[in-house]
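So you can see what is in the structure, the chains are spelled out below.
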Amino acid sequence: MPDSATDQPTASLEAIARRNIRHFLIFRVLFNARFYYPVFAVIFLDFGLTLEQFAMLNAIWAATILLAEVPSGSLSDLMGRKSMMVFTASLMVIEMAVWAWAPTGNPNLLFWVLAANRILSGLGEAAASGSDEALVYDSLEAANMQDRWSHVLESVSRWQSIGFMVTMILGALVYDADLMQDLLKLMGFNLVVTSEHTLRIPLFLTFGTALLCWFNNLRFVDVNAPDRHTGISIWDATRQTLSAGQWILQTPFALIIILAGAFADSILRMFATLGSEYYRLVQYPEFTFGVIGAGIAILNFMAAPWIRRLVDHFSPSIIFACIVGLSILGFAGASFAIPWLGLGFAIILFLCFSLVSFSISFYLNQVSNRKIRATVLSFKGMALNLAYGCIGLAYAQLTRHLNEMNSATPDSPDVFQQGLAYFTPYVLVGSLVVAAITWLHCRDVNSIALGLKQQSKGQKSESKAES
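Just so it is clear, the model here is predicted, and its values are computed rather than measured.

Undergrad: Looking at this structure, I do not really get the overall build of the chain. What am I missing?
TA: A tally of regular secondary structure across the chain gives 20 helices and zero strands. In summary, the chain has a C-alpha radius of gyration of 23 Å against a globular reference of 23 Å for 467 residues, a match within 12%. With the C-alpha coordinates aligned to their principal axes, the bounding extent of the chain is approximately 65 × 50 × 45 Å. Here the chain holds 467 residues, and 51% of them are scored as buried. Put simply, of all contacts in the chain between residues at least 6 apart along the chain, 83% involve residues at least 24 apart. For the chain, the accessible area works out to roughly 21,900 Å², and carbon and sulfur atoms hold 66% of it. Side chains of the chain carry 29 positive and 32 negative charges; the gap between the two charge centres is 7 Å.

Undergrad: I tried to follow the nonpolar core on my own but got confused; where do I start?
TA: Within the largest apolar cluster, 120 residues are counted, with the highest numbers of intra-cluster contacts made by Ile43, Trp99, Phe253, Tyr278, Tyr279 and Leu364. With 14 residues, the top contributor of residues to this core is helix H16 (residues 343–367). Here Trp99 is in contact with Tyr36, Ile43, Phe44, Phe47, Leu114, Asn117, Arg118, Arg200 and Leu203, once residues within four sequence places are set aside. Counting residues in each nonpolar core, the second largest holds five residues, with Ala177, Met180, Leu184 and Val193 among its members.

Undergrad: Explain the pattern of salt bridges here, please?
TA: Between side chains of opposite charge, a pair can form when the charged atoms approach closely. By the definition in use, this model includes 13 salt bridges. One salt bridge connects Arg81 with Asp77, and the closest N-O pair in it is separated by 2.4 Å. Across this residue pair, the class does not change: Arg81 and Asp77 are buried. Arg280 is the partner of Glu277 in a salt bridge, and the nearest nitrogen-oxygen pair spans 3.6 Å. Within this pair, Glu277 and its partner Arg280 are both found in helix H13 (residues 275–281), separated by three residues, close to a single helical turn. For Glu277, a relative accessible area of 26% gives the class partly exposed. Three or more residues joined by partner-sharing salt bridges are found here, namely Asp77, Arg81, Asp138, Glu141 and Arg373.

Undergrad: Honestly, a nonpolar patch on the surface in this entry has me stumped. Any pointers?
TA: A contiguous nonpolar surface patch, about 550 Å² in accessible area, is contributed by Leu183, Leu186, Met187, Phe189 and Leu191. In this fold, Leu183 is placed in helix H8 (residues 177–186).

Undergrad: What exactly am I supposed to notice about helix H6 (residues 131–142) here?
TA: Residues spaced three or four apart along an α-helix face the same direction, because each turn holds 3.6 residues. Between the first and last C-alpha of H6 there are 16 Å, a value that for twelve residues agrees with the 16 Å anticipated at 1.5 Å per step. With ten of twelve residues buried, H6 is to be regarded as a mostly interior element. Residues of H6 that are buried: Ser131, Asp132, Glu133, Ala134, Leu135, Val136, Tyr137, Asp138, Ser139 and Leu140.

Undergrad: How should I be thinking about the packing of helix H7 (residues 149–175) against H16 in this particular structure?
TA: Packed helices, taken two at a time, are described by their axes: the angle between them and the distance between them. Running from N to C, H7 and H16 point in directions that differ by 150°, and their axes come no closer than 10 Å. The pairing of H7 with H16 is recorded here as roughly antiparallel in orientation. At the point where H7 passes H16, the crossing takes the right-handed sense. Taking contact as the criterion, the partners of Trp149, Ser150, Leu153 and Glu154 in H7 are, on H16, Phe358, Ser361, Phe362 and Asn365. Here the contact of H7 with H16 is composed, by residue class, of four nonpolar, three polar and one charged.

Undergrad: Please clarify how the environment of Ser431 should be interpreted in this entry.
TA: With respect to the helices, strands and loops of the structure, Ser431 is situated in helix H19 (residues 423–441). Assessed through its relative accessible area of 7%, Ser431 is described here as buried. Counting along the chain gives 111 residues from Ser431 to Phe320, while the straight-line C-alpha distance between them is 8.7 Å. If sequence neighbours within four positions are ignored, Ser431 has contacts with Phe263, Phe320 and Val324.

Undergrad: I'm lost on the side chain of Asn117 in this one. Help?
TA: Structurally, Asn117 can be placed in helix H5 (residues 107–128). In terms of polar contacts, Asn117 uses its side chain to reach the backbone carbonyl oxygen of Glu95, at 2.9 Å. Look past the residues within four positions of Asn117 in its chain and what remains in contact with it is Glu95, Val98 and Trp99.

Undergrad: Looking at this model, I keep getting lost on H8. Mind explaining?
TA: Inspection of H8 places Ala177, Met180, Gln181 and Leu184 among the buried residues, and these make up the whole buried set. Down the axis of H8, the smallest arc covering the buried residues is 105°, so these residues share one side. The exposed set on the far side of H8, more than 90 degrees from its buried face, consists of Asp178 and Leu186. In this fold, the buried residues of H8 make contact with H7, helix H9 (195–198) and helix H10 (201–217). Backbone nitrogen of Asp178 and a side-chain oxygen of the N-cap are separated by 3.1 Å at the start of H8; the cap is Asp176. Looking one or two residues past H8, Gly188 carries a phi angle of roughly 90°, positive in sign.

Undergrad: What am I meant to see in the environment of Leu377 here?
TA: Mapped onto the elements, Leu377 comes out in helix H17 (residues 373–405). A sequence separation of 244 residues divides Leu377 from Glu133, and the C-alpha atoms of the two residues are 8.5 Å apart. Beyond its immediate stretch of four places on either side in the chain, Leu377 contacts Ser129, Gly130, Glu133, Ala134, Leu364 and Asn365.

Undergrad: Sorry if this is basic, but what is going on with the packing of aromatic side chains here?
TA: Summed over the entire model, instances satisfying the criterion amount to 23 aromatic pairs. Here the aromatic rings of Phe362 and Tyr363 are separated by 5.0 Å at their centres, their planes lie at 80°, and the arrangement is edge-to-face. In textbook terms, an aromatic cluster arises when at least three aromatic residues are bridged by ring pairs, as seen for Tyr36, Tyr37, Phe40, Phe44, Phe47, Phe54 and Trp99. We note Arg309 situated over the ring of Trp306; from NZ or CZ to the ring centre the distance is 5.3 Å. A cation sits over an aromatic face here: Arg443 above Trp439, 3.8 Å from the ring centre.

Reading the values: rules and limits
Residues numbered from 1 in each chain as written. Predicted model: local features only at pLDDT ≥ 70, side-chain atom pairs only at ≥ 80, totals over all residues. Heavy atoms only, no water. Helix = DSSP H or I, 4+ residues; strand = E, 2+ residues; numbered from the N terminus. Rg over C-alpha atoms; globule rule 2.2 N^0.38 Å. Buried < 20%, exposed > 50% of the residue type's maximum accessible area, 1.4 Å probe, protein only. Contact = heavy atoms within 4.5 Å. Areas by Shrake-Rupley, 256 points an atom, 1.4 Å probe, with all protein chains shown as cover. Lys, Arg positive; Asp, Glu negative; His and termini not counted. Charge placed at Lys NZ, Arg CZ, Asp CG, Glu CD. Core = buried A, V, L, I, M, F, W, Y, C linked by side-chain atoms within 4.5 Å. Salt bridge = Lys/Arg side-chain N within 4 Å of Asp/Glu carboxyl O. Patch = residues over 30% accessible without salt bridge, like charges linked within 9 Å, V, L, I, M, F, W, Y side chains within 5 Å. Expected span 1.5 Å × (residues − 1). Axes fitted to C-alpha atoms, helices over the stretch in contact; angles between N-to-C directions. Parallel < 35°, antiparallel > 145°, perpendicular 65-115°, else oblique. Left-handed = near helix turned anticlockwise from the far one by under 90°. Nonpolar A, V, L, I, M, F, W, Y, C, P; charged D, E, K, R; others polar. Polar contact = N/O pair within 3.5 Å; in protein donor to acceptor, adjacent residues only side chain to side chain. Arc of directions from axis to C-beta. Phe/Tyr/Trp six-rings, centres within 6.5 Å; stacked < 30°, edge-to-face > 60°. Lys NZ or Arg CZ within 6 Å of the ring centre and 35° of its normal.

Structure, rendered in structure tokens:
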């Protein structure tokens, strides 16, 4: 294969782009097909950990992602996207092997084994962040097919929704020892199934998807693979990081997209994290939580084409206004905790979350230079995680204050509902701050977005004319 995209005929580049799209879709489904998600907290506790240890493991995971996010993007730009994608899948395989075969006899040893799992998981998340999108967008750009990017994101959203739905349902089912026992009896097998048997089934299933993910990532084609075959020095990675950071600061459109995205993503992701507590507040029994998750996945599948059309046909300002409006409606409605009907407001917020993720990926890939694209996307990931961490700390202080001021039992449903009331004014004030910063530093954000779309269509037309 030739070293650069310019050596490839257009027809071949289009074939490579379509191939990368296909494997990108498969990667996103497999990488996120974590069958332990519906029982995430429970499975750690059933392994023998305490709630405090579980919280510590989550902190280790988040810190690993934060520290590795930008360096992984720099390495992706310097060493090649495919190399980083294969590395990502390799980490997933090792991560799941460590957990699936973790010993349970010694609590102290178990904690450190699972800490290693969380570090590997965080490194994998960081390595994937930016590299996958950058690889696909590079191939679209080389084939002058950038105008297909929104359609690619739509397909990813829909297939991920299907994968998430299957994962939520199957993961919960195989973890239920009584249900597995009944199913085996129906199939004619006279076997005894206990919780010790089902404890690792979601992990073994995820280990299987990790292996499939690894084989899939070997099939990617990196159209902009670096020519250099020498090692990458620390100075190279540092220079790449500084270059991308300087570019973001000097590119108001990219800075505003990251800022607005981090603001909207953080508050919506915080609500998603508290989802099960909210379902309980609006009087849904716990056994329905998995069904609700699957139902929301179906709605995301159905909404993906509408989200793509919205981003394709409207300006960033209108899209941000939609996000703010829907968020205010969703949080205001959720704060009333209406039994049963309150689920409708949660659905609005989850759909809004999908719109935010779609919009950030759509605009940031368009505006980024291919030489620093993965690093820029990694800065985006770091900004989103930092914003989420900050709002998490703020929410913890808020609930602590409400517990002190409230005569009810600490962390009671009343305190949780009172905390929800603060989400609406936060969105309102925060959106005004984002709007003011945009007006001061990037008033032409809409015209820049329009220019990027026209440029993409113009390059497509030129390519067809040359053909």
